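As a plain string of letters, each chain reads:
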Amino acid sequence: MKIKICLLLLALAITVPGFGQGELRFCLHADPKTFNPLLVDDDASEAVRYLTGGVLVRLNRRTQQLEPELATAWKVSPDGRRIEFTLRPGIKFSDGTPFGAEDVAFTMKSLMDPELHSPIGDGFRSANGDMHFQILPKNRIAITFPAPVAGLDKLFDQVSMMSAHSPEKERAVLGPFVVADYKPGSYVELKRNPNYWKKDSAGRHLPYLDAVRLDIQQNREIEVMRFKRGEVQLINSLDGEYYDRLQPQMRSELFDSGPSFDSEQMWFNQSPAAKIPEYKLAWFRSTQFRQAISSAINRQDLVRLVFNNHATPAIGPISPANKFWFNSKLKPHAYDQSAAIRLLVKAGFRMQGGVLHDAQGHAVEFSIITNAGNQARERMAAVIQQDLAGIGIKVGVVTLDFPSLIERMTRTFNYEACLLGLNNNGLDPNDQMAVWLSSGDNHQWNPAQKSPATAWEAEVDKLMRAQASATSATKRKALFDKVQEIAWEQQPFIYLVHKNALSAVSKEVHGAEPVALSPQTYWQIEKLRVTIERASR
Amino acid sequence: MTRLQFISVLLLIVTYSIALGAKLLAPADYAVQFRETPNQPPSAQFLLGTDELGRDRLSRLFYACQTSLLLAPAAAALSTLLAAIVGTAAGYTGGWFEKLTMAGVDLFLSLPWLFLIITVRAVLPLNVAPAISVLVTFAILGCLGWAASARVVCAGVRNLRSSGFMLNARALGCRRSRLLAMQLAPNVKPVLWAQFLVSIPVFVLAEANLSMLGLGVAEPLPSLGGLMRELENFSGLSAQPWRLAPLAVLVVCVSAFQVLSRGREVEA
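1. Here's the deal with the layout of surface pockets
Computed from the structure, the second largest pocket encloses a volume of approximately 610 Å³. Taken together, 33 residues make up the lining of the second largest pocket; nearest its centre are Gln385(A), Val395(A), Gly396(A), Val397(A) and Pro130(B). Elements with a minimum of two residues in the lining of the second largest pocket: strand E17 (365-371), helix H11 (375-389) and strand E18 (394-400) of chain A together with helix H6 (130-144) of chain B. In terms of residue count, E18(A) provides more of the lining of the second largest pocket than any other element does, 6 residues in total.

2. A look at the pairing of strand E20 (residues 493-505) of chain A
Residues in a regular strand project their side chains so that they alternate between the two faces of the sheet. All names here are of chain A. With 12 of 13 residues buried, E20 lies mostly within the body of the structure. Relative to E20, strand E13 (residues 263-268) runs antiparallel, the two sharing 4 bridges. For methionine 266, the partnering residue across the bridge sits in E20 and is isoleucine 494. Note: strand E14 (residues 311-313) against E20, 3 bridges, orientation antiparallel. Following the sheet pairing, proline 313 is matched in E20 by valine 497.

3. Considerations on empty space enclosed by the protein
Sizing a probe to match a water molecule and rolling it over the atoms shows the empty space that remains. Applying the stated criterion across every chain, the model contains 2 cavities of 30 Å³ or more. Computed from the structure, the largest cavity encloses a volume of approximately 430 Å³. If you trace the largest cavity, you find 30 residues lining it, with Arg55(B), Arg60(B), Glu219(B), Gly226(B) and Leu227(B) closest to the centre. Listed by contribution, the elements that provide at least two residues to the lining of the largest cavity are H11 of chain A together with helix H3 (57-93), helix H10 (224-228) and helix H11 (245-267) of chain B. Per-class residue counts for the lining of the largest cavity are 12 nonpolar, 7 polar and 11 charged. If you add up the space inside the second largest cavity, you get close to 60 Å³. Glu46(A), Arg49(A), Tyr50(A), Gly53(A), Val55(A), Arg58(A), Arg61(A), Asp157(A), Gln158(A) and Ser160(A) are the residues that line the second largest cavity. Counted by class, the lining of the second largest cavity contains 2 nonpolar, 3 polar and 5 charged residues. Here the lining of the second largest cavity gathers at least three residues from each of two domains, domain 1 (14-53 + 175-233 + 506-537) and domain 2 (54-168) of chain A.

4. Focus on helix H3 (residues 101-112) of chain A
Residue and element names in this part refer to chain A. For H3, built from 12 residues, the straight-helix expectation of 16 Å at 1.5 Å per residue is met to within 8% by its first-to-last C-alpha distance of 17 Å. Most of H3 is tucked away, with 9 of its 12 residues classed as buried. Of the residues making up H3, those classed as buried are Ala101, Asp103, Val104, Ala105, Thr107, Met108, Ser110, Leu111 and Met112. Where the residues of H3 are buried, they touch strand E5 (82-87), strand E6 (132-136) and strand E7 (140-144).

5. Observations regarding the packing of H3(B) against helix H4 (residues 95-109) of chain B
Residues and elements named next belong to chain B. Between H3 and H4, the least distance of the axes is 7 Å, while the angle of their chain directions is 145 degrees. When you trace H3 past H4, the crossing you get is left-handed. Here H3 contributes Val86, Ala89, Ala90 and Thr93 to the contact with H4, which in turn contributes Gly95, Phe97, Glu98, Thr101, Met102 and Val105. Class assignment for the residues of the contact of H3 with H4 results in 6 nonpolar, 3 polar and 1 charged.

Procedures and definitions
Residues numbered from 1 in each chain as written. Chains lettered and ligands numbered in written order. Predicted model: local features only at pLDDT ≥ 70, side-chain atom pairs only at ≥ 80, totals over all residues. Heavy atoms only, no water. 1 Å grid on protein atoms, 1.4 Å probe; cavity = no way out; pocket = protein on both sides within 12 Å on 5 of 7 lines; lining within 4 Å. Points joined across faces, edges and corners; volume = space filled by probe spheres on them. Helix = DSSP H or I, 4+ residues; strand = E, 2+ residues; numbered from the N terminus. Buried < 20%, exposed > 50% of the residue type's maximum accessible area, 1.4 Å probe, protein only. Pairing = 2+ DSSP bridges. Nonpolar A, V, L, I, M, F, W, Y, C, P; charged D, E, K, R; others polar. Domains from an automatic or database assignment. Expected span 1.5 Å × (residues − 1). Contact = heavy atoms within 4.5 Å. Axes fitted to C-alpha atoms, helices over the stretch in contact; angles between N-to-C directions. Left-handed = near helix turned anticlockwise from the far one by under 90°.

As structure tokens, then:
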């Protein structure tokens, strides 16, 4: 009789769709480089950190506003140097060790340890000097920095708390899952954290899922095939081509969340160390030349032909997806080849037999380098090539393996123009300091300048420094708006498109609300459910 | 000539005629983008449809044949020439020189030539025209592809060196240069011809492999390998089988060369 009941229950379990006790599967595109949450600087490690780490405050990926997590309240001082957190009581790490103010102090000390070289720690380093901690009554802690830190509270979204006392060190976590198993090149298995503190409105312990399996799969094509077969249930950053191919059969499982934070751009080499003729350097340093090139490129065609309409023409360094920092007053760059020719004529160029020549009679031609193997960029380069042929400019496209490309961009400066993308994971303009400061290494068109080469670069330096030290968000926004205006006018980077944030979520997954900001599909992982029906496959 | 060899020759003649006459036969220039009609299926205007940028697939296929199928034999000729020089010198001299040369050949065969090609391409000037870049790529392939053939040539020459007619010629006081030119060369020729034919598909495939990595022929110039990069997204092929056309051409040509080289090897 007992056996019959068991069999009946088993039959019900595998035939009746229901929620809970399930395993969610999706792919990482590389092995995580580290499981230490303070050392994360790659996407795979970031995914593991997001799923396992507990943070004091969490950025809501939809509203882009901070929400309380391990801290129930927080307050930044008017001078931007001090932040005070009120910690949630009764929280325990996954190994049962209690969480408190000492753990916050330990995490921050570890993060700022120069020996650790934490990429996250760099965001907090506004000046030399030590941090000071003050453990206050009623579960509060205050952290004082040597100088104001712009966007201080938002930086804590990246800081996973570590235990000061647990013998398991970074393996003791406060997030919804813990790392249970890792097989390099194959998978990372996460199990539910038994001590996770969150509950749903009905008082049920979160997360709903029992486990998350992260299969390591570099090949996007295989990832898509596995999604179609139901072997994985989420795909983040789906390629436009795959999106279109899946659409006829899986329309309801695909999501286009609008422009992402990433941008595709080209720029001209303006470095004095550039191994290119002086007359070409003079073209590239001419604002009107750059503006003309920008006007002659049909961004709508790039969006339509290269990205199958799953992209948005770019206006400047900040994507419209970044609700607060995007300067909505900037006009889109119009595609107008006649205007481009007028600008070039004004700058001393002239058209001769359909070929553009400079004032000294040199035919205008240059090469664009880009990374080999990226078909979208190669197609973009081909579109740009034909667009610029329309204003009499001959463009050569050279694809290089990535190390050679980086070597040319950063060491030898032996290139003329470059087409690449920029991945922006952060919302704050401070994340782009190394790009906009003339002394920055990522100031690609003319990096690591001893003093600003142009007046507008000096102005940008001033504005970036001012916004970094300002504590009022409104003031910072006004200053960074001005930077965006200068970038729009001068076009040191010719911003082309922002790819749309595309994702796929299986029908078996419930509660997902894909957004543009990473992690697109599982940003509220603890609320995701999978139907048990999958178990019967 | 067998029937299969005859068909192979016929297929190669047709393909090479198209490759040589690409400029006359292609309905459009390979680089022209008909941007209002991207990703079109085959139609009266575009017999093989258009690619993502609206470029006529048929025209690009004709020009790709020109790039890949004309330059691969040139690279094969270069590598066979180098193999002939090294193999003959080693095989004819024999002794320690042969051992040393063959050790060098073994070393050369073990080189990671893909990285060498990537490195050489990386140091090429950026402003070279795509056609020059293609020539350089095939020249590098030719310069790197001689080692395996050199071993075969060396073995062939070694056998000939101790053959009766060579001993007779030497006994009659024939000079070394005359011995090489009049006695050895005609007898090595079938081996070289077979090696040449075997090398052609190898170089076509090598270019295809390089292009699949994005390191072959630069845009917008098409090559068979470059066109086959579209096949990376194989899940859409059942809906668009015409995208397989470059692969079909490659398979036909490589098979035809294989059939001919087999015949030659048997003769040799």
